[in-house]
Amino acid sequence: MDMNLNVDLMINSLPLLIAGAGITIQITAISVGLGLIIGMFVGIARISNVKLLRWLAAIYIDFLRGTPLLVQIFLIYFALPVLLGQRVDPFIAAITACGINSGAYIAEIFRAGIQAIDEGQMEAGRSLGMTWVQTMRYIIVPQAFKNIVPPLGNEFIALLKDSSLVSVIGFEELTRRGQLIIARTYGSLEIWITVAIIYLIMTLTISRLVAYLEKRLDTK
Amino acid sequence: MIDIKNLHKSFGDHEVLKGIDLHINPQEVVVIIGPSGSGKSTLLRCMNLLEEPTSGSVVVDGIDLTGDSDINKAREEIGMVFQRFNLFPHMTVLQNITLAPIKVRNMAKDEAEKIARELLERVGLADKADAYPPQLSGGQQQRVAIARALAMRPKVMLFDEPTSALDPEMVNEVLDVMKSLANEGMTMAVVTHEMGFAREVGDRLLFVDGGNIIEQGPPKEVFENPKEERTKLFLSKVL
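These remarks concern the structure in this document. What you see is a predicted model, and the numbers here were worked out from it, not measured in a lab.

Quick notes on the rules
Residues numbered from 1 in each chain as written. Chains lettered and ligands numbered in written order. Predicted model: local features only at pLDDT ≥ 70, side-chain atom pairs only at ≥ 80, totals over all residues. Heavy atoms only, no water. Pairing = 2+ DSSP bridges. Helix = DSSP H or I, 4+ residues; strand = E, 2+ residues; numbered from the N terminus. Axes fitted to C-alpha atoms, helices over the stretch in contact; angles between N-to-C directions. Contact = heavy atoms within 4.5 Å. 1 Å grid on protein atoms, 1.4 Å probe; cavity = no way out; pocket = protein on both sides within 12 Å on 5 of 7 lines; lining within 4 Å. Points joined across faces, edges and corners; volume = space filled by probe spheres on them. Parallel < 35°, antiparallel > 145°, perpendicular 65-115°, else oblique. Left-handed = near helix turned anticlockwise from the far one by under 90°. Expected span 1.5 Å × (residues − 1). Buried < 20%, exposed > 50% of the residue type's maximum accessible area, 1.4 Å probe, protein only. Arc of directions from axis to C-beta. Buried area = accessible area lost by both parts, 1.4 Å probe. Salt bridge = Lys/Arg side-chain N within 4 Å of Asp/Glu carboxyl O. Nonpolar A, V, L, I, M, F, W, Y, C, P; charged D, E, K, R; others polar.

Quick word on the sheet that holds strand E7 (residues 156-160) of chain B
Residue and element names in this part refer to chain B. Read from one edge of the open sheet, six strands run E6-E7-E8-E3-E9-E10, paired in mixed fashion. Edge positions in the sheet fall to strand E6 (78-81) and strand E10 (212-217), since each has one partner strand and no second. If you compare each strand with its neighbour and ignore which way they point, the axes differ by 20 degrees on average. When strand E3 (residues 29-33) meets strand E8 (residues 187-191), the two strands line up parallel, connected through four bridges. In the strand pairing of E8, Val 30 is matched with Ala 189. This element, helix H5 (residues 138-150), spans E6 and E7 of the sheet and lies at about 170 degrees to E6. The strands touched by helix H6 (residues 168-183) are E3, E7 and E8; relative to E8, the strand with the most contacts, the crossing angle is about 145 degrees.

Things to note about empty space enclosed by the protein
Per the counting criterion, the structure on display carries two cavities of 30 Å³ or more. Looking at the largest cavity, its volume works out to about 40 Å³. Contributing to the lining of the largest cavity are Ser 127 and Leu 128 of chain A together with Arg 75, Glu 76, Ile 78, Gly 79, Met 80, Ala 149, Met 152 and Pro 154 of chain B. Counting residues per element, the ones that place at least two in the lining of the largest cavity are helix H2 (71-76) and E6 of chain B. With three residues, the single largest contributor to the lining of the largest cavity is E6 of chain B.

Points about the packing of helix H2 (residues 51-66) of chain A against helix H4 (residues 90-115) of chain A
Residue and element names in this part refer to chain A. The geometry of H2 relative to H4 is characterised by a closest axis approach of 9 Å and an angle of 120 degrees between their N-to-C directions. The orientation of H2 relative to H4 falls into the category oblique. Handedness of the crossing formed by H2 with H4: left-handed. The residues of H4 that touch H2, namely those facing Tyr 60, Ile 61, Leu 64 and Arg 65, are Ile 100, Asn 101, Gly 103, Ala 104, Tyr 105, Ala 107 and Glu 108.

Brief notes about H2 of chain A
All names here are of chain A. When the terminal C-alpha atoms of H2 are compared, their 22 Å separation across 16 residues agrees well with the 22 Å that a helix rising 1.5 Å per residue should span. Regarding H2, the residues found buried are Ala 57, Ala 58, Ile 61 and Leu 64. The arc that holds the buried residues of H2, viewed along the axis, is 150 degrees, so those residues lie on one side. Those residues of H2 that are exposed and aimed more than 90 degrees away from the buried face are Lys 51, Leu 52, Trp 55, Asp 62 and Gly 66. Turning to H2, the residues buried within the fold contact helix H1 (7-46), helix H3 (69-84) and H4.

Some points on the interface of chain A and chain B
Facing 18 residues of chain A, the contacting portion of chain B comprises 25 residues. When chain A packs against chain B, close to 1,700 Å² is buried across both sides, 58% of that on carbon and sulfur atoms. Broken down residue by residue, the surface that chain A buries against chain B is led by Ser 127, Leu 128 and Tyr 138 of chain A, which jointly contribute 34%. For the pair chain A and chain B, the interface holds two salt bridges. In this structure, Arg 45 of chain B engages Glu 123 of chain A in a salt bridge whose closest nitrogen and oxygen atoms are separated by 2.6 Å. Of all elements in the fold, only helix H5 (119-127) and helix H6 (132-162) of chain A reach the threshold of two or more residues within the side of chain A that touches chain B. With seven residues, the single largest contributor to the side of chain A that touches chain B is H5 of chain A. Residues belonging to the side of chain A that touches chain B are distributed by class as follows: six nonpolar, eight polar and four charged.

Put into structure tokens, the structure is as follows:
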């Protein structure tokens, strides 16, 4: 067994891989941003007084958490164009699939974060003549945000890793870049190790950042 | 000011209020006492529809809360003070007080802050405007909560056991604020265990048990000469 690592190959491939990591972070950030907006509305709809909204939110969450992200990516990239009669850009397909998927998880995070707020807060807001929406906006959601920072950080990390799935539609993020370099150099061992290390550095950095943010929010 | 007719409230199979009739006049201070589980808090919470009556009518300042009226509009006129203060912990004291006047009454920020500072002065907390609620003692928090309710210039104030969550040495600072409010002619409904307050400040005392008003009258009379057996039994335990 040849255990010699071609270190030069690892170093030489770094610029391409790091650029790929940048794209991974980019689609993750955009997707989580999209997921945050979707998740906030779906999460609030999930606990609203309107039965139809609750029902629609439940369907959304169940469908997206109950089917594989890979299948969702295929649905948007391969199945949707059949309906639209038009090709979907891989980047758009990637952030749409990841954003919609993460929206479902973030909706549950929001729901839990809101339900953790003391009922008396809603009662106090309503007693002052504020509407349900005003109370949510000024009182409940700002406090819920504090509660959801840690699980949101975990969601960001999960999605950062899951975003490697969009390599299957040829979108050139970190994993896809690795595959392309291996196709050229046959350096499976070196490249996958390097790719894994880059993912690890990213996830560890983010979890530290989240822990720091959590601490700062806590002391306020 | 408050007119309640044949008010029933059930939670599932459990009937908490069994047909309450109550009329509260402008400037009247009505103190509601009774054992825990008697329905006294539920009765109070029906007065601003935090609890939805199962049947019967609740009319406050001419607005029928149990009809088609805009409940938010009605609540602007009904201040509520809770046992556990329910201040907004992510906002300063000043923001707690100005939020509703700005968002609901569309008051200018400057004006809302001016009123808030006057109210803080009045409850003896002028120096706490920029503090956050968790930095205050229970008594201070409850005085801020009263100021927050008053900032809406309500016509009625509801107090739901306002001193029950307080350490004994803080009870009086809150009761004093309530007393001065009563002296200024605020219409008040107060659920409390503070019998001294009831006797001193109340215009009328209501004894509630088992979802009914068992007895009512001037506090002194009820305390000294209760007519109903259940009132006697309750008073013998708390006095």
